[in-house]
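So the chains spell out like this:
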Amino acid sequence: MLLSSATTKSSVNFLKLALLGTLFLLLLYLLEILLCRMVTKTPSTFFLIPMWYQFLTPFTGVQAELILGTIARKEKENSHSDGGYLVDRVSFSEDKLMDADSKAVMMAWEKPLMESHAKAVCSGGGHVLNVGFGMGLVDMAIQQYNPVSHTIIEAHPEVYDRMLRNGWGEKENVKILFGRWQDVLPQLGSYDGIFFDTYGEYYEDMREFHQHLPKLLKPGGIYSFFNGLCGDNAFFHVVYCNIVSLELENLGYTTQLIPLPVKDCLAEEVWEGVKQKYWQLDTYYLPVCQYTDDSE
Ligand SMILES: C[S@@+](CC[C@H](N)C(=O)[O-])C[C@H]1O[C@@H](n2cnc3c(N)ncnc32)[C@H](O)[C@@H]1O
């Protein structure tokens, strides 16, 4: 449920900027048409504007997000110098894992999504890495594919304790790294499949993780992440999907977004007792990212 609630504040700011940028570009577009038609009496070169528009909109968005992400992270570092979510209590029930603020860290309705993520990252077999254990849904699904090795990073002490109590420490092919992914990076190898789904982090953290992909993901490997970016707003979700794909493209990865219908998993009762509905869309877009070797 990566960033679903944690990025809300920075997302809203970023989206305001992105929207302003878009409006500005649309205004330019209209101005150009007017000028061409009324002043110079020449046909508009409007075909150029959509090119600018296509180029500048994501660019403006990414830049805005970069700046706002940094500010948001600094704010978080200042306000959570005590450790934030990771030092607070969590509570487990059969269908959800909640933080101390009654926000859902993970929910059982995501099980089919986690199974699809597991299928994607295990498609090449070999060595698999999962960042963020939560309820262990994706890890249970990964185990079904019997990978050669299955590394799990988990940073919350109570989640970690529960993993051990449930026998995850005794599984032959499983290696658990307790700590924040940022801190255990030196202990990681390279993997055929990687899944990323943390909680209480910002979009900027995921972007930082992506910078390590060239080292972490083997050639031909598959990377996927929980795509909960702005999951309560269809328009902004699409903007985020485009931004993340664009950023991964800059690192050399193509991203395929596979649509999965989720409407049927989300009856109103699912959210009972949960402070924030982090997902409100009918379709989930499952990202499947792979390195593109242009030289081939
Ligand atoms: C949304 S849950 C993961 C759910 C999981 N995909 C599943 O199938 O149940 C996110 C998990 O990431 C952990 N987490 C949060 N920040 C982390 C970090 N920086 N490094 C590693 N784990 C982290 C949380 O404690 C939580 O258990």
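Structure shown above.
Our subject in this report is the structure included herewith. What you see is a predicted model, and the numbers here were worked out from it, not measured in a lab. (Residues numbered from 1 in each chain as written. Predicted model: local features only at pLDDT ≥ 70, side-chain atom pairs only at ≥ 80, totals over all residues. Heavy atoms only, no water.)

1. So, the packing of helix α7 (residues 203–211) against helix α9 (residues 234–250)
Geometrically, a packed helix pair is captured by the angle between its two axes and the distance between the axes. Where α7 contacts α9, the axes come no closer than 11 Å and their chain directions differ by 25°. The pairing of α7 with α9 is recorded here as roughly parallel in orientation. When the axes of α7 and α9 are compared, the crossing they make is right-handed. On the side of α7, the interface is formed by Tyr203, Met206, Arg207 and His210, while α9 contributes Tyr240, Ile243, Val244, Glu247 and Leu248. Residue composition of the contact of α7 with α9, by class: six nonpolar, one polar and two charged. (Axes fitted to C-alpha atoms, helices over the stretch in contact; angles between N-to-C directions. Helix = DSSP H or I, 4+ residues; strand = E, 2+ residues; numbered from the N terminus. Parallel < 35°, antiparallel > 145°, perpendicular 65-115°, else oblique. Left-handed = near helix turned anticlockwise from the far one by under 90°. Contact = heavy atoms within 4.5 Å. Nonpolar A, V, L, I, M, F, W, Y, C, P; charged D, E, K, R; others polar.)

2. Digging into the sheet that holds strand β7 (residues 191–196)
Sheet architecture is open: seven strands sit in the order β6-β5-β4-β7-β8-β10-β9, paired in mixed fashion. Edge positions in the open sheet fall to β6 (174–178) and β9 (253–261), since each of these has one partner strand only. Here the average twist between neighbouring strands, direction ignored, is 15°. Sheet strands touched by helix α3 (residues 111–121): β4 (127–131), β7, β8 (217–225), β9 and β10 (283–291). Its angle to β10, the strand with the most contacts, is close to 15°. (Pairing = 2+ DSSP bridges.)

3. Some details on the packing of aromatic side chains
Taken as a whole, this structure holds 16 aromatic pairs when the rule is applied. Ring centres 5.3 Å apart and planes at 75° place the aromatic pair Phe133 and Trp168 in the edge-to-face group. In this pair, Phe133 is assigned in the loop between β4 and α4 (137–144) and Trp168 in the loop between α5 (157–165) and β6, connecting sequence segments 35 residues apart. For the pair Phe133 and Trp168, one class covers both residues: buried. Each residue in the set Trp181, Phe196, Phe209, Tyr223 and Phe225 is aromatic and connected to the rest through ring pairs, giving one cluster. Lying over the aromatic face of Trp168, Lys171 brings its terminal NZ or CZ to 4.9 Å of the ring centre. (Phe/Tyr/Trp six-rings, centres within 6.5 Å; stacked < 30°, edge-to-face > 60°. Buried < 20%, exposed > 50% of the residue type's maximum accessible area, 1.4 Å probe, protein only. Lys NZ or Arg CZ within 6 Å of the ring centre and 35° of its normal.)

Treat this as a map of the structure, not an account of what it does.
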